[in-house]
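Take a look at the letters that make up each chain.
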Amino acid sequence: MSYEIKTGNKQEAPILWTGDFYNEGTGSGDIFDTLKEECGVFGVFGHPEAASMSYYGLHALQHRGEESAGICVADGRDFNYHRGMGLVKEVFDKDKIASLVGDMSIGHVRYSTSGDSRLTNAQPLVFKYRDGDLAIATNGNIVNEPLIRKQLEQGGSIFQTTSDTEVLAHLIARSQKDFVEATKDALSQLVGGFAFLLMTNDKLIVASDTHGLRPLVMGRLGEAYVFASESCALEVIGAELVRDIEPGELLVLDQNGFREDRFAEPKRKALCAMEYIYFARPDSDLNGSNLHSARKRMGSRMALEAFVDADIVTGVPDSSISAAIGYAEQTGIPYELGLIKNKYTGRTFIQPSQELREQGVKMKLSAVRRVVEGQRVVMIDDSIVRGTTSRRIVNLLREAGALEVHVRITSPPFKNPCFYGIDTPDRRELIASYKTIAEMCEEINADSLAFLSPEGLIQSIGGYNSDDYKGGLCLSCFDNDYPTQVDFGGEEKDGCSC
């Protein structure tokens with residue numbers, strides 16, 4: 001299936017932002033309208049340097065959250081924890097890590113929606129309850145959280161944060177059962193996509209939602225167990241990947257050892273497709289499939305579905321480089337580094353003047369003039385959200401002298417909001433939900449535009465049993481087929497709220 005359409009060029013009107021920072025928050029004023037990942041979690045059980053292991057693990061997961069970071073450590077009796085706003089290397093130093101003594105830990109890196117970026121929401125969240133201390137870190141979103149929160153508040157509960165995670169703590173605390181059984185009951189009441197790490201003074205509990213929407217893997221480092229949102233975090237500490245945590249599974253680790261259990265029976269496998277397309281690091285493996293290899297196959301399949309004659313292929317860094325290589329290899333068109341990303345601009349770079357504000361996109365991304373000048377360029381990207389980013393990048397290439405710019409997107413059109421942890425705009429702001437491919441092509445000022453078919457995406461990812469529905473993927477942002485209930489009479493939550 002091919003979605004290619006050709007149109008003429010369109011001159012872009014200047015688009016400015018008004019905040020103090022050129023990448024302030026995650027709203028429509030963001031100079032890049034890319035999707036924001038939910039969060040990243042990392043846990044260690046049975047290692048004397050648990051805090052250090054968590055620090056390095058969270059550093060490897062930094063791409064999953066740049067607004068806050070935290071680590072909580074238990075030594076069998078007490079908790080020690082530290083959380084802060086900013087990058088992992090900014091929140092922690094040598095002294096802080098040295099103060100976190102214990103052989104069990106959970107850590108977290110977080111993105112938030114604009115307005116919720118504050119220290120009280122930084123994780124792990126730590127609570128006092130009847131049986132001692134409790135710390136929770138999560139990746140994802142609980143769709144029915146507003147409904148549960150409302151019911152709990154009516155019953156007398158007082159909330160300290162706006163995080164979904166606190167709902168789970170209240171549900172556990174209200175139960176008369178022991179901690180493990182109370183956790184099972186609490187998790188069974190949640191609807192959404194989530195990966196939880198829960199820690200008491202002497203236990204670590206690991207759980208994944210019944211569809212496996214959010215990734216979570218287990219590794220071993222000697223006698224220690226390690227858990228992470230992505231396998232790349234295991235590699236950095238020398239841990240061996242054991243397996244993915246299964247949907248509905250609940251693992252209990254304590255002084256009695258390691259116990260496999262579950263809080264609910266698994267439902268249809270539906271791992272978020274955007275993990276493969278965009279979010280996860282290319283050196284990670286998910287469900288037996290390497291991300292770099294999967295993205296190369298997406299690019300190759302894109303070339304088969306929507307070939308266009310051109311002089312060079314370039315990818316939008318960083319997530320589209322692998323796909324661009326695959327497209328180039330399939331077509332024989334040379335891959336070139338036509339776009340360069342500046343990795344050191346940071347989220348809080350203060351713009352001193354309006355003139356520099358207008359150059360914001362060039363401070364994050366530059367076209368290599370000597371590479372693209374006079375060339376017909378195929379620009380590979382992973383998705384189009386509002387369309388503003390694609391238009392800016394296309395115009396960068398044109399300003400650098402590209403004769404033609406043909407855009408190829410290695411995912412289907414993004415038409416629907418995510419309810420499971422990705423911070424997506426309202427459906428009305430998603431350009432693919434209200435414009436045709438031809439209109440989108442004109443809007444982004446491209447010579448042609450094509451999207452990868454859903455069938456091509458599923459086949460490219462691979463690594464799944466052929467009996468799995470839709471290849472074991474959640475494609476709801478493309479096809480509006482949500483694996484869980486998402487409508488709770490107005491009492492539901494989308495985006496990222498962990």
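Details of the structure are given in the entry above.
Attention here is on the structure that accompanies the text.

So, how was this worked out
Residues numbered from 1 in each chain as written. Predicted model: local features only at pLDDT ≥ 70, side-chain atom pairs only at ≥ 80, totals over all residues. Heavy atoms only, no water. Axes fitted to C-alpha atoms, helices over the stretch in contact; angles between N-to-C directions. Helix = DSSP H or I, 4+ residues; strand = E, 2+ residues; numbered from the N terminus. Left-handed = near helix turned anticlockwise from the far one by under 90°. Contact = heavy atoms within 4.5 Å. Nonpolar A, V, L, I, M, F, W, Y, C, P; charged D, E, K, R; others polar. Buried < 20%, exposed > 50% of the residue type's maximum accessible area, 1.4 Å probe, protein only. Pairing = 2+ DSSP bridges. Polar contact = N/O pair within 3.5 Å; in protein donor to acceptor, adjacent residues only side chain to side chain. Phe/Tyr/Trp six-rings, centres within 6.5 Å; stacked < 30°, edge-to-face > 60°. Lys NZ or Arg CZ within 6 Å of the ring centre and 35° of its normal. Parallel < 35°, antiparallel > 145°, perpendicular 65-115°, else oblique.

## Describing the packing of helix H9 (residues 291-305) against helix H16 (residues 454-461)
1) Next: For the pair H9 and H16, the least separation of the axes is 8 Å and the interaxial angle reads 145°. Taken as a pair, H9 and H16 cross one another with a handedness that is right-handed. Within the contact between the two elements, H9 uses Ala 294, Arg 297, Met 298, Arg 301 and Glu 305 and H16 uses Glu 455, Gly 456, Leu 457, Gln 459, Ser 460 and Ile 461.
2) Next: Here the contact of H9 with H16 is built from residues that sort into four nonpolar, three polar and four charged.

## Some details on unusual backbone geometry
1) Next: The omega angle of the peptide bond from Gln 123 to Pro 124 is 5°, so this bond is cis rather than trans.
2) Next: Within the fold, Pro 124 resides in the loop between strand S5 (104-110) and strand S6 (125-129).
3) Next: The phi torsion at Asn 287 lies on the positive side, around 50°, for a residue other than glycine.
4) Next: Looking at the element boundaries, Asn 287 is found in the loop between strand S16 (285-286) and strand S17 (289-290).

## Details of the pairing of strand S8 (residues 192-199)
1) Next: For S8, a buried count of eight out of eight residues is recorded, marking the element as mostly surrounded by other parts of the structure.
2) Next: What you see with S8 is no split at all: Gly 192, Phe 194, Phe 196 and Leu 198 on one side and Gly 193, Ala 195, Leu 197 and Met 199 on the other are buried throughout.
3) Next: As judged from the eight bridges shared by strand S7 (residues 132-142) and S8, these two strands associate in the antiparallel manner. What sits directly across from Thr 138, in S8, is Phe 196.
4) Next: Here five bridges tie S8 to strand S9 (residues 204-208), and the two strands are oriented antiparallel to one another.

## Some details on the pairing of strand S11 (residues 224-228)
1) Next: Most of S11 is tucked away: five of the five residues are buried.
2) Next: Burial along S11 is two-sided: Ala 224, Val 226 and Ala 228 and Tyr 225 and Phe 227, pointing in opposite directions, are all buried.
3) Next: Inspection of the sheet shows strand S2 (residues 39-45) paired to S11 by four bridges, in the antiparallel sense. Counted as the bridge partner of Val 44 is Val 226 from S11.
4) Next: Judged from the five bridges that link them, strand S10 (residues 217-221) and S11 form a sheet pairing that is antiparallel. Paired with Met 218 across the strands is Phe 227, a residue of S11.
5) Next: In this structure, the hairpin formed by S10 and S11 is closed by a connection of two residues, where Gly 222 is found at a positive phi of approximately 65°.

## A few points about the side chain of His 108
1) Next: By secondary structure assignment, the location of His 108 is in strand S5.
2) Next: A relative accessible area of 1% means that His 108 is categorised as buried.
3) Next: Separated by 2.8 Å, the side chain of His 108 and the backbone oxygen of Thr 138 make a polar contact.

## As for the packing of aromatic side chains
1) Next: Scanning the entire structure with this criterion turns up 10 aromatic pairs.
2) Next: Seen in terms of ring centroids, Phe 414 and Phe 478 are 6.0 Å apart; in terms of plane orientation they differ by 85°. Their pairing is edge-to-face. Note that Phe 414 is positioned in the loop between strand S22 (404-409) and helix H15 (437-443) and Phe 478 in helix H17 (residues 476-479), a separation of 64 residues in sequence. Of the two residues, Phe 414 and Phe 478, both sit in the buried class.
3) Next: An aromatic cluster of at least three residues, connected via ring pairs, comprises Tyr 55, Tyr 56 and Phe 92.
4) Next: Lying across the ring of Tyr 225, Arg 220 places its NZ or CZ 4.0 Å from the centre.

## Some points on the sheet that holds strand S14 (residues 257-262)
1) Next: On the basis of which strands lie adjacent, the open sheet formed by six strands has the order S6-S7-S8-S9-S13-S14 and antiparallel pairing. The sheet is open, and its two borders are formed by S6 and S14, each paired with just one other strand. Ignoring which end each strand starts from, the neighbouring axes of this sheet average 20° apart.
2) Next: Pairing geometry for strand S13 (residues 249-254) and S14, over six bridges, is antiparallel.

## Observations regarding the packing of H9 against helix H10 (residues 321-331)
1) Next: At a closest axis distance of 6 Å, the pairing of H9 and H10 adopts a crossing angle of 45°. Comparing the axis directions of H9 and H10 gives the class oblique. Once H9 is placed against H10, the crossing between them reads as right-handed. Here His 292, Arg 295, Lys 296, Gly 299, Ser 300, Met 302, Ala 303 and Leu 304 of H9 come into contact with H10, specifically with Ser 322, Ala 323, Ile 325, Gly 326, Tyr 327, Glu 329, Gln 330 and Thr 331.
2) Next: Grouping the constituent residues of the contact of H9 with H10 by class yields six nonpolar, seven polar and three charged.

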